[in-house]
Amino acid sequence: MAGLQQTNSEKILLSWVRQSTRNYPQVNVINFTSSWSDGLAFNALLHSHRPDLFDWNAVASQQSSVQRLDHAFNIARQHLGIEKLLDPEDIATACPDKKSILMYVTSLFQVLPQQVSMEAIREVEMLPRHSRATREEHIQVHHQQRFSQEVSFAFLLSSRCSKVIVSLTYPISV
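Residues numbered from 1 in each chain as written. Predicted model: local features only at pLDDT ≥ 70, side-chain atom pairs only at ≥ 80, totals over all residues. Heavy atoms only, no water.

(A) Focus on helix 1 (residues 8-20). Between the first and last C-alpha of helix 1 there are 18 Å, a value that for 13 residues agrees with the 18 Å anticipated at 1.5 Å per step. Along helix 1, the positions that sit buried rather than exposed are Glu 10, Lys 11, Leu 13, Leu 14, Ser 15, Trp 16, Val 17, Arg 18 and Ser 20. Looking at the buried side of helix 1, the elements it contacts are helix 2 (40-49), helix 6 (98-111) and helix 7 (118-125). (Helix = DSSP H or I, 4+ residues; strand = E, 2+ residues; numbered from the N terminus. Expected span 1.5 Å × (residues − 1). Buried < 20%, exposed > 50% of the residue type's maximum accessible area, 1.4 Å probe, protein only. Contact = heavy atoms within 4.5 Å.)

(B) Highlighting the confidence of the model for the chain. On average, the chain scores 76 in pLDDT, and the residues at 70 or more come to 70%. For residues 131-174, every residue scores under 50 in pLDDT, and the model assigns this stretch 64 contacts once sequence neighbours within four places are set aside. (pLDDT = per-residue confidence, 0-100.)

(C) Spotlight on the packing of helix 4 (residues 65-80) against helix 6. Contact geometry for helix 4 and helix 6: axes closest at 12 Å, N-to-C directions at 35°. Crossing handedness for the pair helix 4 and helix 6: left-handed. Between helix 4 and helix 6, the residues in contact are Ala 72, Phe 73, Ala 76 and Leu 80 and Tyr 104, Leu 108 and Val 111, respectively. (Axes fitted to C-alpha atoms, helices over the stretch in contact; angles between N-to-C directions. Left-handed = near helix turned anticlockwise from the far one by under 90°.)

(D) Representation of the side chain of Asn 43 in the model. Structurally, the position occupied by Asn 43 is in helix 2. Here Gly 39 takes part through its backbone oxygen, which lies 2.9 Å from a polar atom of the side chain of Asn 43. A polar atom in the side chain of Asn 43 sits 2.7 Å from the side chain of His 71. Contacts of Asn 43, omitting those with residues within four sequence positions, involve Phe 54, Trp 56, Val 59, Arg 68, His 71 and Ala 72. (Polar contact = N/O pair within 3.5 Å; in protein donor to acceptor, adjacent residues only side chain to side chain.)

Right, dumping it as structure tokens:
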């Protein structure tokens, strides 16, 4: 369960993002998944530090999340030297991959001004949680089959995201 809790690094990063995007009313970043899927948070973060790079209103009015995400990733690549590590189509979903977004936002954190106020950190600590463990339940079913074939199913059920992870392992007998 410790992996489900927000680390101090995540809190600081989230505080920085919230502080940076505070003046963008369409943006309310509360996590490193669904808050990023419409592309507005990435663009607001870039615009807050580099308003000279693009017109915020033009980007905010774009119709497609994929267009906004593509815009942010291209701006970061062209002007900040951050490779386009994410595909807009992978982020423009109900529950994009948290680790991928954390990695990309960390890349932005490394090249943009990094001041974070204590007020911003306290604000993140006061954000409502979906529940104690973000309503994620972990159910593991292990089933031994013939020839030592192990099939493991892990169901991660969440209020916002549902993922099914299936892993097959085949021990080699010598």
